[in-house]
Amino acid sequence: VGHCHPDIVKAAHEQNQLLNTNSRYLHDNLVDYAERLSKTLPEKLCTFYFLNSGSEANDLALRLARQYTKHEDVIVLDHAYHGHLTSLIDISPYKFRNLEGQKEWVHVAPVPDTYRGLYREDHEDAVTAYANEVKLIIERAHERGRKIAAFFVESLPSVGGQIIPPAGYFQKVAEHVHKAGGIFIADEIQVGFGRVGKHFWAFQLQGEDFIPDIVTMGKPIGNGHPIACVATTKEVEEAFAATGVEYFNTFGGNPVSCAVGLAVLDVIEKECLQAHATEVGNFLMNLLHEQQIKHPIIGDVR
């Protein structure tokens, strides 16, 4: 919402003056923020874990998926980057290819890029073709006695080149993944909070019928203040709680972070930033498309 936005600075400062404590102490801000955030998401995603960073959020999502499914393996897209923790470097081809390589429990699917990818705009059904690549990965994993815990994907692959997956791709992939006993994790750390304009969450570009099992948030959630979140279903949360090992995060969901989170949502709403993203985005895209007509060297605009 902009560097040092006065509303965000004020919210942090005021809460700091009143109380800033670890999250063992209950505070209204935590509940207020969870309720407010839940209004932006499908009803099914009704359980929230608060953390300090996107990497923490993705690591927890991985733990939730494994506990719920009792499986280990993860499918990711090529070029993906999901964070800097060891567990996330392991599922980030963008990183692990330059480090220790691909772990046995990691499977890499092609990016659903209809411009430069495996199946392009001229393909009769690129959506099904890309989803079938995931199905093939699952089948090969099963042949080796391995089981899929999750399909872990950024709703709009960013490191891979700002790819917008064709509508319907997530639905078809989720079908294959759920059939294999896995769950669908949407990483919204870079692309959430109205940045795509048309919707508040980038996964919603796939259509109203698509709901991930887990959504992770970071970066824009606190406008630079360290706060992150994992949103999931009651079923996933209950399986996680059944271990008896409670999830605890010293400062995840502390009063100041939640005050900041609430202020960010206020600013997005008050300043109509989602509509602004749509308007400015369309304006820029139209001008770039005009340039594309003039210059054959421009292959794609996104």
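Residues numbered from 1 in each chain as written. Predicted model: local features only at pLDDT ≥ 70, side-chain atom pairs only at ≥ 80, totals over all residues. Heavy atoms only, no water.

Taking an unreviewed UniProt entry as the reference, the protein chain is identified by name as AT2L2 lyase belonging to Nothoprocta ornata. Recorded under Cofactor (unreviewed entry), the UniProt text for the protein chain is reproduced unchanged: "pyridoxal 5'-phosphate". In its Sequence similarities (unreviewed entry) section, the UniProt entry covering the protein chain states "Belongs to the class-III pyridoxal-phosphate-dependent aminotransferase family." (UniProt positions renumbered as here; feature names shortened; annotations may be inferred.)

Focus: the overall build of the protein chain
Broken down by element type, the protein chain carries ten helices and seven strands. For the protein chain, whose C-alpha radius of gyration is 20 Å, the value lies close to the compact-globule estimate of 19 Å for 302 residues. The dimensions of the protein chain, computed from C-alpha atoms along their principal axes, are 60 × 55 × 35 Å. Counting over 302 residues, the protein chain shows a buried share of 49%. When contacts within the protein chain are restricted to residue pairs at least 6 apart in sequence, those whose partners lie at least 24 apart make up 73%. Of the roughly 15,200 Å² that the protein chain leaves accessible, carbon and sulfur atoms contribute 51%. (Helix = DSSP H or I, 4+ residues; strand = E, 2+ residues; numbered from the N terminus. Rg over C-alpha atoms; globule rule 2.2 N^0.38 Å. Buried < 20%, exposed > 50% of the residue type's maximum accessible area, 1.4 Å probe, protein only. Contact = heavy atoms within 4.5 Å. Areas by Shrake-Rupley, 256 points an atom, 1.4 Å probe, with all protein chains shown as cover.)

Examining the layout of surface pockets
In this structure, the largest pocket spans a volume of roughly 770 Å³. Lining the largest pocket are 24 residues, with Ile-164, Arg-195, Val-196, Gly-281 and Met-285 sitting closest to its centre. For the lining of the largest pocket, the class distribution of residues is 13 nonpolar, eight polar and three charged. Each of two domains, domain 1 (6-271) and domain 2 (273-301), supplies a minimum of three residues to the lining of the largest pocket. Of the volumes computed, that of the second largest pocket is approximately 430 Å³. Around the second largest pocket, the lining is made up of 14 residues, and of these Ser-23, Leu-30, Phe-48, Phe-50 and Gly-252 lie nearest the centre. Residue assignment for the lining of the second largest pocket shows that the elements contributing at least two residues are α2 (28-38) and β1 (47-51). The residue makeup of the lining of the second largest pocket, split by class, is nine nonpolar, three polar and two charged. (1 Å grid on protein atoms, 1.4 Å probe; cavity = no way out; pocket = protein on both sides within 12 Å on 5 of 7 lines; lining within 4 Å. Points joined across faces, edges and corners; volume = space filled by probe spheres on them. Nonpolar A, V, L, I, M, F, W, Y, C, P; charged D, E, K, R; others polar. Domains from an automatic or database assignment.)

Quick notes on the sheet that holds β1
Read across the open sheet, the seven strands follow the order β1-β7-β6-β5-β4-β2-β3; overall the sheet is mixed. The open sheet has two edge strands, β1 and β3 (106-109), and neither has a second partner. Direction aside, neighbouring strands of the sheet carry axes that sit 20 degrees apart on average. Relative to strand β5 (residues 183-187), strand β4 (residues 148-154) runs parallel, the two sharing five bridges. Bridging from a neighbouring strand, Phe-151 pairs with Phe-184 of β5. Contacts from α2 reach β1, β6 (214-217) and β7 (228-232) within the one sheet, and its direction differs from that of β1 by about 120 degrees. (Pairing = 2+ DSSP bridges. Axes fitted to C-alpha atoms, helices over the stretch in contact; angles between N-to-C directions.)

Details of unusual backbone geometry
With a phi close to 50 degrees, Cys-4 is a non-glycine residue in the positive phi region. Within the secondary structure layout, Cys-4 lies in the segment before α1 (6-18). Of note, Asn-223 is a non-glycine position whose phi angle comes to about 50 degrees, a positive value.

Looking at empty space enclosed by the protein
Counted by the stated rule, this structure contains two cavities of 30 Å³ or more. Looking at the largest cavity, its volume works out to about 60 Å³. What lines the largest cavity is simply Leu-77, Asp-78, His-79, Ala-80, His-82, Phe-152, Val-153, Glu-154, Pro-157, Ser-158 and Gly-160. It is β4 that contributes the most residues to the lining of the largest cavity, three residues altogether. Of the residues contributing to the lining of the largest cavity, the split by class is five nonpolar, four polar and two charged. Counted as a void, the second largest cavity has a volume near 30 Å³. What lines the second largest cavity is Ser-23, Tyr-25, Leu-26, His-27, Leu-30 and Gly-253.

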